[in-house]
Protein chains: 2
Amino acid sequence: MPSRSPQLVGRAVRVLVCTEKKTFVTRELSEVRVTFEGIEGDRHAGHTRPADVRTPWYPKGTPIRNTRQLSLVSTEELALVAETLGVPKVLASWLGANLELTGVPRLTHVPPGTRLFFPDDAVLAVEGENEPCIGPGKVIEEHHPDRVKLASRFVKAAWERRGLVAWVDRPGVIRAGDDVRVMLPKPVSYVLP
Amino acid sequence: MPSRSPQLVGRAVRVLVCTEKKTFVTRELSEVRVTFEGIEGDRHAGHTRPADVRTPWYPKGTPIRNTRQLSLVSTEELALVAETLGVPKVLASWLGANLELTGVPRLTHVPPGTRLFFPDDAVLAVEGENEPCIGPGKVIEEHHPDRVKLASRFVKAAWERRGLVAWVDRPGVIRAGDDVRVMLPKPVSYVLP
């Protein structure tokens, strides 16, 4: 348990995984085991990953450290996205999320370096905001064929509400229903000269 | 090269390494190779490390991800520490630093998640501030036996000036004299409810 303050406590509503290659949509499990590679068997697990559109400052395919092992979203922010799109709900699985949390306000704004502590040893470290792309928008659109342009509207609707990516700082097990203790890094302000 | 702004450019004045077990004091080399484990042969290299006094929220000895592979200090902040202590200079090697940078103002305040790009592929990711402890103070005291209580005064003198710890995001070579391009993460402000 973290001794440094400040902290707050949320809850893991759902844990999800994707073991397929042809889709990023995740499916719910009651628990997952995380190692230093990420969620065992998940398509985003690995010590390293090839650089892609998320890291345009590297040549495509360059092996870099995988700091995007898990995708985290919040119930509250998903509800805001659904409201903006005018659909009844947006599911965490449609966004390929691995964890849906509740009780952490403005989850997407939680700063890099934040640690998330789970009861059964697992600790995640926040890499940062997961910027929305059109992929999940297409999935939402498939579920609402009567609605117009949901795919392209998703990126704007989900801006700063699409959650976080994180890596595993300490292996363990994460279960649906777990409390999640949030330890923010020491606040810093850095302004360019 | 990073395409996201803002950025600034500093320079690596020195690269240093410690291959011994009985001291943390580093020695200067003209270049070092960094892998996903850190600096090859350095005492702090490794994919994981045992939890210690730096991570009191973990049981001591627990294997955790090694986000403290390299220690970075700045010429400008070392000069401030020396001035506060009333000694002619404080060397990066005395602090066990692996890199001495110049031209990055307030280096210790550079936020977690910042990436540092070197010309020969190497990229470091900032874990955060390296909080000063008494060890380097003792080394400074050994070099100034005529001065009083330098060891204990070091911690206060080096507060928020002791530099950063970082891990390797992309392997490569780091050389003394290299330019260092600094890419800050997207600014976030998160206030607890």
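Being a predicted model, the structure only gives us computed values, none of them experimental.

### Focus on the overall build of chain A
Argument step 1. Helices and strands together make up the secondary structure of chain A, namely 3 helices and 13 strands.
Argument step 2. Relative to the globule expectation of 16 Å for 193 residues, the C-alpha radius of gyration of chain A, 16 Å, shows essentially globular dimensions.
Argument step 3. C-alpha atoms of chain A, sized along the principal axes, occupy 50 × 45 × 40 Å.
Argument step 4. Looking at chain A residue by residue over its 193 residues, the buried ones come to 54%.
Argument step 5. Residue pairs at least 24 apart in sequence account for 72% of intrachain contacts in chain A once pairs closer than 6 positions are excluded.
Argument step 6. Carbon and sulfur atoms form 54% of the exposed surface of chain A, whose accessible area is close to 8,500 Å².
Argument step 7. Looking at chain A, you have 27 positive and 23 negative side-chain charges, and the mean spots of the two groups are 3 Å apart.

### Some thoughts on the relation of the copies chain B and chain A
Argument step 1. Rotating chain B by 180 degrees about the axis while translating it 0.0 Å along that axis superimposes it on chain A, leaving an RMSD of 0.0 Å. Read as a symmetry element, the transformation amounts to a two-fold axis. Residues of chain B ranked by C-alpha distance from the rotation axis are headed by P112 of chain B, positioned 2.9 Å from it.
Argument step 2. Of the interface residues in chain B, 100% have counterparts in chain A that sit at the interface too, so the contact is made through matching surfaces.

### Quick notes on the sheet that holds strand β3 (residues 31-35) of chain B
Residues and elements named next belong to chain B.
Argument step 1. The 3 strands lie next to each other as β4-β3-β12, forming an open sheet whose pairing is antiparallel. The sheet is open, and its two borders are formed by β4 (38-39) and β12 (172-175), each paired with just one other strand.
Argument step 2. Both β3 and β4 contribute to a ladder of 2 bridges, which runs antiparallel. The residue of β4 that forms the bridge with T35 is G38.

### Description of the interface of chain B and chain A
Argument step 1. The partner chain A presents 50 residues to the 50 residues of chain B that form the contact.
Argument step 2. For the pair chain B and chain A, the summed buried surface comes to about 4,000 Å²; carbon and sulfur atoms form 58% of the total.
Argument step 3. Among the residues chain B hides against chain A, the three largest losses belong to W57, R65 and Y190 of chain B. Together they make up 23% of the total.
Argument step 4. At the boundary of chain B and chain A, one finds 6 salt bridges.

### Some points on the packing of aromatic side chains
Argument step 1. Applying the stated criterion across every chain, the model contains 3 aromatic pairs over all chains.
Argument step 2. Taking 6.0 Å as the distance between ring centres and 40 degrees as the angle between the ring planes, the aromatic pair formed by Y58 of chain A and F117 of chain B counts as tilted. Placement of Y58 of chain A in the loop between β5 (48-50) and β6 (63-65) and of F117 of chain B in strand β9 (residues 115-117) is noted, with the two residues assigned to different chains. Both residues of the pair, Y58 of chain A and F117 of chain B, belong to the buried class.

### Here we look at empty space enclosed by the protein
Argument step 1. This structure, assessed with the given rule, holds 1 cavity of 30 Å³ or more.
Argument step 2. In terms of lining, the largest cavity is formed by P112, G113, R115, V126, E127 and W167 of chain A together with P112, G113, R115, V126, E127 and W167 of chain B.
Argument step 3. When residues of the lining of the largest cavity are traced back to their parent elements, those giving at least two are β10 (123-129) of chain A together with β10 (123-129) of chain B.

### Examining helix α3 (residues 150-157) of chain B
Argument step 1. For α3 of chain B, every residue scored as buried is listed here: L150, A151, F154 and A157 of chain B. Around the axis of α3 of chain B, the buried residues are gathered within 115 degrees of arc, so they sit on the same side.

### Looking at the UniProt feature "domain: MOSC" (unreviewed entry) in chain A
Argument step 1. The UniProt feature table records "domain: MOSC" (unreviewed entry) at residues 26-183 of chain A.
Argument step 2. In residues 26-183 of chain A, the share of helix is 18% and the share of strand is 32%. The end C-alpha atoms are 27 Å apart.

### Some remarks on helix α2 (residues 134-142) of chain B
Argument step 1. For α2 of chain B, the set of buried residues is G135, P136, G137, V139 and I140 of chain B.
Argument step 2. Buried residues belonging to α2 of chain B abut α1 (75-85) and α3 of chain B.

### Some remarks on the pairing of strand β7 (residues 70-74) of chain A
Residues and elements named next belong to chain A.
Argument step 1. Counting buried positions over the 5 residues of β7 gives 5, a clear majority of the element.
Argument step 2. Burial along β7 is two-sided: L70, L72 and S74 facing one way and S71 and V73 facing the other are all buried.
Argument step 3. Sheet topology note: the β7/strand β11 (residues 164-170) ladder contains 3 bridges and is antiparallel. Looking at β11, one finds that L72 is bridged to L164.
Argument step 4. The parallel pair β7 and strand β8 (residues 99-102), bridged by helix α1 (residues 75-85), forms a crossover whose chirality is right-handed.

### Considering the pattern of salt bridges
All names here are of chain A.
Argument step 1. Scanning the entire structure with this criterion turns up 22 salt bridges over all chains.
Argument step 2. In this structure, D146 and R147 form a salt bridge, with 3.6 Å as the shortest nitrogen-oxygen distance.
Argument step 3. Through salt bridges with shared partners, one network takes in R14, E28 and E100.

### A few points about unusual backbone geometry
Across the chain, the bulk of peptide bonds are trans and the bulk of non-glycine residues have phi less than zero.
Argument step 1. We note that K149 of chain B has phi near 55 degrees; this positive angle belongs to a residue other than glycine.
Argument step 2. Note that K149 of chain B resides in the loop between α2 and α3.

### Some points on the environment of V73 of chain B
All names here are of chain B.
Argument step 1. Within the secondary structure, V73 sits in strand β7 (residues 70-74).
Argument step 2. Residues V73 and T102 lie 29 residues apart in sequence; the distance between their C-alpha atoms is 8.6 Å.
Argument step 3. The contacts of V73, once residues within four sequence positions are left out, are L78, A92, L95, A97, L99, E100, L101, L107, R162 and G163.

### Section: the sheet that holds strand β3 (residues 31-35) of chain A
All names here are of chain A.
Argument step 1. The strand order across the open sheet formed by 3 strands is β4-β3-β12, and the pairing between neighbours is antiparallel. Every interior strand has two partners, whereas the edge strands, β4 (38-39) and β12 (172-175), have only one.
Argument step 2. Direction of pairing for β3 relative to β12: antiparallel, over a ladder of 4 bridges. Note on β12: the bridge partner recorded for V34 is G172.

Analysis parameters
- Residues numbered from 1 in each chain as written.
- Chains lettered and ligands numbered in written order.
- Predicted model: local features only at pLDDT ≥ 70, side-chain atom pairs only at ≥ 80, totals over all residues.
- Heavy atoms only, no water.
- Helix = DSSP H or I, 4+ residues; strand = E, 2+ residues; numbered from the N terminus.
- Rg over C-alpha atoms; globule rule 2.2 N^0.38 Å.
- Buried < 20%, exposed > 50% of the residue type's maximum accessible area, 1.4 Å probe, protein only.
- Contact = heavy atoms within 4.5 Å.
- Areas by Shrake-Rupley, 256 points an atom, 1.4 Å probe, with all protein chains shown as cover.
- Lys, Arg positive; Asp, Glu negative; His and termini not counted.
- Charge placed at Lys NZ, Arg CZ, Asp CG, Glu CD.
- Least-squares fit on C-alpha atoms with pLDDT ≥ 70 in both.
- Pairing = 2+ DSSP bridges.
- Buried area = accessible area lost by both parts, 1.4 Å probe.
- Salt bridge = Lys/Arg side-chain N within 4 Å of Asp/Glu carboxyl O.
- Phe/Tyr/Trp six-rings, centres within 6.5 Å; stacked < 30°, edge-to-face > 60°.
- 1 Å grid on protein atoms, 1.4 Å probe; cavity = no way out; pocket = protein on both sides within 12 Å on 5 of 7 lines; lining within 4 Å.
- Points joined across faces, edges and corners; volume = space filled by probe spheres on them.
- Arc of directions from axis to C-beta.
- UniProt positions renumbered as here; feature names shortened; annotations may be inferred.
- Right-handed = clockwise from strand over helix to strand, strands pointing away.

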